[in-house]
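# Commentary on secondary and tertiary structure
Now for the letters of each chain:
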Amino acid sequence: MHLPPSVELVNPGVRRGAFKVALFDFDGTLSLIREGWPRVMVDLMLDRLREQRLITEPEAECAAHVEAFVMALNGHPTARQMERFAQEVTARGGTPAEPAAYLQQYLDALMGVVRGRWESLESKRAQPSEWVVPNAHGVLRSLQERGVPLFVASGTDLAHVSREVELLELTPYVGGRVSAPKDNDASFRKRDVIEKVVRELGVRGEELIGFGDGVVETQEVKRAGGVAVGVASSEAGVRGVNATKRGTLIGAGADLIIPDYEHAPELLAWLWSKG
Ligand SMILES: [Mg+2]
């Protein structure tokens, strides 16, 4: 049995055999509704720094620095990124606003974009398949057919994730098994979700398979002893591996890298076979 060519095997010693539970991140891993969020967040942070004249290095250098800490916290509750930004303002000699105020500004900016996408889905002008990582429904169906319980853990607010699961017609696969911070609760941790799921199902950590496009879920799945599939997803309408995500995911410990789920059935068949 061979891996499809679109799959990059980062860890040739990756565990193969049956998996008993699968965990998915949401944004960038299943949904593309929040696609473009890093740009919105980084621009907002640069605006706030500029207002207080806190950018002393070349602008591009500052942007790269801000983007690096934003992406390093990808997967944590959004509030954590705002706390990190407030520290950045202080470190540069400025006076930060409350992280909650930054969070509100960010949500206001992002939600303008997100609401437009909700409306296009609600009015059926757009199909759910247009706003998910290609063949997301297919990978969920394949896993479900293998009898694997599917869970979602997201750093995005629970009310929004729940609504988007519905709009993207993912409820038949993950309905009732979505974990995310309530009212942007900064204490939400994916680690806790993984520990709870593994404990409640009575499975071993190595029987966990995780899919994610961010650092946090990848590290936490590895910490639990599971197999981490890095989803280096591109933007809507763009195909292929996103090089930045790929590098970050490999650094975080991903065992395999895929651009999307186009070849998910073959990937799952390879993983489930003992080799
Ligand atoms: Mg993500």
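Worth saying up front: this structure is predicted, and the values here are computed from it rather than measured.

Rules of the game
- Residues numbered from 1 in each chain as written.
- Predicted model: local features only at pLDDT ≥ 70, side-chain atom pairs only at ≥ 80, totals over all residues.
- Pairing = 2+ DSSP bridges.
- Helix = DSSP H or I, 4+ residues; strand = E, 2+ residues; numbered from the N terminus.
- Contact = placed C-beta atoms within 7 Å.
- Axes fitted to C-alpha atoms, helices over the stretch in contact; angles between N-to-C directions.
- Left-handed = near helix turned anticlockwise from the far one by under 90°.
- Domains from an automatic or database assignment.
- Nonpolar A, V, L, I, M, F, W, Y, C, P; charged D, E, K, R; others polar.

Strand order in the open sheet formed by 7 strands is 1-7-6-5-2-3-4, and the pairing between neighbours is mixed. The open sheet terminates on both sides in strands that have one partner only, identified here as strand 1 (8-9) and strand 4 (178-179). As judged from the 4 bridges shared by strand 2 (residues 21-24) and strand 5 (residues 208-212), these two strands associate in the parallel manner. Opposite leucine 23, over in strand 5, you have glycine 210 as the bridge partner. Contacts from helix 9 (residues 215-223) reach strand 2, strand 3 (150-153), strand 5 and strand 6 (227-231), with the element oriented near 170° to strand 5.

Any two packed helices are characterised by the angle at which their axes cross and by the distance between the axes. As a packed pair, helix 5 (residues 136-145) and helix 11 (residues 264-272) sit with axes 9 Å apart at the nearest point and diverge in direction by 35°. Considering only the axes of helix 5 and helix 11, their crossing is right-handed. Residues Gly138, Val139, Ser142 and Leu143 of helix 5 lie in contact with helix 11, whose contacting residues are Ala264, Pro265 and Leu268.

The domain architecture assigned to the protein consists of domain 1 (8-33 + 128-272) and domain 2 (37-122). A straight line from the C-alpha centre of domain 1 to that of domain 2 covers 25 Å. At the junction of the two partners, domain 1 supplies 18 residues and domain 2 supplies 15 residues. Considering each element in turn, the side of domain 1 that touches domain 2 owes the most residues, 3 residues, to helix 9. A per-class count over the side of domain 1 that touches domain 2 returns 9 nonpolar, 5 polar and 4 charged.

A word on the packing of helix 8 (residues 190-201) against helix 9. Look at helix 8 against helix 9: their axes get within 9 Å of each other, and the N-to-C directions meet at 35°. Here the hand of the crossing between helix 8 and helix 9 comes out right-handed. Facing helix 8, whose interface residues are Lys190, Arg191 and Ile194, helix 9 presents Val216, Glu217, Glu220 and Val221. Taken together, the residues of the contact of helix 8 with helix 9 break down into 3 nonpolar, no polar and 4 charged.

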